[in-house]
Amino acid sequence: MPPVGGVEPSLVPREVVFVIDTSGSMGGQSLEQAKAALKLAIQRLSAQDRFNIIRFNSDTFALFKEPQLANAKAKAVAVTATESLFAHGGTEMAPAIRLALSGQASGGYLRQVVFITDGAVDNERELFELVRERLDESRLFTVGIGSAPNSYFMVRAAEFGRGTYTF
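Keep in mind it's a predicted model, so treat the numbers as computed, not measured. (Residues numbered from 1 in each chain as written. Predicted model: local features only at pLDDT ≥ 70, side-chain atom pairs only at ≥ 80, totals over all residues. Heavy atoms only, no water.)

A few words on the overall build of the protein chain. Each helix and strand in the protein chain was counted, giving 5 helices and 7 strands. Element order for the protein chain, N to C, with α for helix and β for strand: β-α-β-β-β-α-α-β-α-β-α-β. Its C-alpha radius of gyration of 16 Å places the protein chain within 12% of the 15 Å reference for a compact globule of 167 residues. Across its three principal directions, the C-alpha atoms of the protein chain cover 50 × 30 × 30 Å. A separation of at least 24 residues holds for 71% of the contacts in the protein chain among residues at least 6 apart in sequence. A gap of 5 Å separates the mean positions of the 17 positive and 18 negative side-chain charges of the protein chain. (Helix = DSSP H or I, 4+ residues; strand = E, 2+ residues; numbered from the N terminus. Rg over C-alpha atoms; globule rule 2.2 N^0.38 Å. Contact = heavy atoms within 4.5 Å. Lys, Arg positive; Asp, Glu negative; His and termini not counted. Charge placed at Lys NZ, Arg CZ, Asp CG, Glu CD.)

Structural data, given as structure tokens:
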């Protein structure tokens, strides 16, 4: 129901960690779709939200040392960084999961991890266990990219993460 009198409901601010797969399997249209989705998500953050971006392939790299307020400057930096992503290397997902699920959200923030990948991995059990061990108060949402994402991995990871899966 819309609020009475046009008053906006107070929403809990979010701390969103976007994790984007830039491994070789994401080459071509898959990475272009992932980048477009990430840019849209960044633009939709409210000014009270905080965010960070982690990209992974054979290496894992966080854009910011810690989550930033979603102001115009931080969003512009994130969009520029997203546009420069390219696919190469292997799919080393465990370090990205560890980094994304490390630490706690700042007081008063709801922590969400959004994992954007084709899920091309062969160590699902290890990754599920890692999510279970490190999730704490965070929620994990998975976004399947490409023509044939690993739906088994994506659905189960979201279930373990108390989140949802989108393809």
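Before going further, it helps to examine unusual backbone geometry. With phi around 50°, D136 is a residue other than glycine that occupies positive phi space. For D136, the location among the structural elements is in the loop between helix 4 (124-134) and strand 6 (139-144). With a relative accessible area of 41%, D136 lands in the partly exposed category. For R162, which is not glycine, the phi dihedral falls at a positive 55°. Counting through the fold element by element, R162 comes out in the loop between helix 5 (151-160) and strand 7 (165-166). (Buried < 20%, exposed > 50% of the residue type's maximum accessible area, 1.4 Å probe, protein only.)

Here the largest pocket is characterised by a volume of approximately 210 Å³. Looking at the largest pocket, it is lined by 13 residues, and the ones nearest its centre are R14, V16, F18, A41 and V114. Listing elements by their share of the lining of the largest pocket, those giving two or more residues are strand 1 (14-21), helix 1 (29-43), strand 5 (110-117) and strand 6. Partitioning the lining of the largest pocket into residue classes produces 10 nonpolar, 1 polar and 2 charged. The volume enclosed by the second largest pocket comes to roughly 170 Å³. Lining the second largest pocket are 16 residues, with N52, P67, L99, S102 and R111 sitting closest to its centre. Broken down by secondary-structure element, the contributors of at least two residues to the lining of the second largest pocket are strand 1, strand 2 (50-56) and helix 3 (93-100). (1 Å grid on protein atoms, 1.4 Å probe; cavity = no way out; pocket = protein on both sides within 12 Å on 5 of 7 lines; lining within 4 Å. Points joined across faces, edges and corners; volume = space filled by probe spheres on them. Nonpolar A, V, L, I, M, F, W, Y, C, P; charged D, E, K, R; others polar.)

Looking now at empty space enclosed by the protein. Per the stated rule, a full pass over the model turns up 1 cavity of 30 Å³ or more. Estimates place the volume of the largest cavity at around 70 Å³. Along its surface, the largest cavity is lined by M93, I97, A100, L101, V113, F115, V131, L140, T142, F153 and A157. Mapped by element, the contributors of at least two residues to the lining of the largest cavity are helix 3, strand 5, strand 6 and helix 5. The element contributing the most residues to the lining of the largest cavity is helix 3, with 3 residues.

Here the focus is helix 2 (residues 72-83). The terminal C-alpha atoms of helix 2 lie 16 Å apart, and with 12 residues this matches the ideal 16 Å at 1.5 Å per residue to within 8%. Contact partners of the buried residues in helix 2: helix 1, strand 2 and strand 4 (68-69). Taking the backbone nitrogen of K73 as reference, a side-chain oxygen 3.2 Å away marks N71 as the first, capping residue of helix 2. (Expected span 1.5 Å × (residues − 1). Polar contact = N/O pair within 3.5 Å; in protein donor to acceptor, adjacent residues only side chain to side chain.)

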